Amino acid sequence: MTPGRDPAAAKTTLRDRVLAARRARPPAERTADSAAIATALLEGLAGARTIAAYVPEETEPGHGRLPAVLTRLGARVLLPVVAPRGRELAWAVDSGRTVPGRFGLLEPVGPRLGATAVGTAEVVVVPALAVSRDGVRLGRGGGYYDRALRLARPGAVVVALVFDEEFLDDLPSEPHDHRVTAVVTPSGGWQQLAGG
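Here the structure is a predicted model, which means the values were calculated and not measured.

### Concerning unusual backbone geometry
Note on backbone geometry: most residues besides glycine have negative phi, and most peptide bonds are trans.
Reasoning step 1: In this model, Leu-66 is joined to Pro-67 through a cis peptide bond whose omega is 0°.
Reasoning step 2: Looking at the secondary structure, you find Pro-67 in the loop between strand 1 (50-52) and strand 2 (76-82).

Written out as structure tokens, the structure is:
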């Protein structure tokens, strides 16, 4: 990042650029990339007993594959639930059935476990618009995952899913940003990050 540049403004510019590129990505390319990401996740998550994940939107890496592919692991899979108000994620066990929730995001049907349930997961799979080689994650700007990750268990693996061109050398960051310990890309597969 350029010294002296406002990190919040730099993030906004980068978010706009990444979201536009994702919308322009051909559907067939998205499908192939999601299949590659699912394969890498299965390998990287082997042996995990509890995984917190999410349901990717149509333009996100993993769409159409997550969370269903995680059921092959035999793990307990938690999915986020966006509360009707506020900016905190609750969690529910993936039952294989989802319904639209706040912001139109798909969430599991079933009992809500509360925000602290993420602390039971050994691995937390998070969405990202970009990730840097030192683990800085660029989200959509709402802070939901930065808040949720404060409740993750110490030593939990935090892995972000991004397209190849979204894995960058460096990203703007702010003190509240929670870093990830691994990244999965279609071409690079599962990659442990520095310090992860």
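### So, the side chain of Arg-25
Reasoning step 1: Summarising the element assignment, Arg-25 is placed in the loop between helix 1 (7-24) and helix 2 (27-44).
Reasoning step 2: Non-local contacts of Arg-25, meaning those with residues more than four positions away in its chain, are made with Arg-30, Asp-33, Phe-163 and Glu-165.

### Some remarks on the pairing of strand 9 (residues 157-161)
Working note: regular strand, side chains alternate between the two faces of the sheet.
Reasoning step 1: Burial runs high along strand 9: 4 of the 5 residues are buried.
Reasoning step 2: Of the strand pairs in this sheet, strand 6 (residues 123-127) and strand 9 are connected by 5 bridges, and their pairing is parallel. Opposite Val-123, over in strand 9, you have Val-157 as the bridge partner.
Reasoning step 3: Relative to strand 11 (residues 182-185), strand 9 runs parallel, the two sharing 3 bridges. Residue Ala-160 lies in a different strand from strand 11, and its bridge partner there is Val-183.

Reading the values: rules and limits
- The residue numbering used here restarts from 1 in each chain and proceeds along that chain's sequence as written.
- Under the rules for a predicted model, residues below a pLDDT of 70 receive no local features and side-chain atom pairs below 80 are neither given nor counted, while totals for whole chains, interfaces and linings still include all residues.
- Each side-chain value is derived from all of the structure's non-hydrogen atoms; neither hydrogens nor water enter the calculation.
- The helix count covers DSSP runs of H or I at least four residues long, the strand count covers runs of E at least two residues long, and both are numbered beginning at the N terminus.
- Working rule for contacts: check all heavy atoms of both residues, and any pair within 4.5 Å makes them a contact.
- Any residue under 20% of the maximum accessible area for its type is buried, any over 50% is exposed, and the rest in between are partly exposed; the area is computed with a 1.4 Å probe on protein chains only.
- Two strands qualify as a pair provided DSSP detects at least 2 bridges between them.

In short, shape yes, function no, at least from these values alone.
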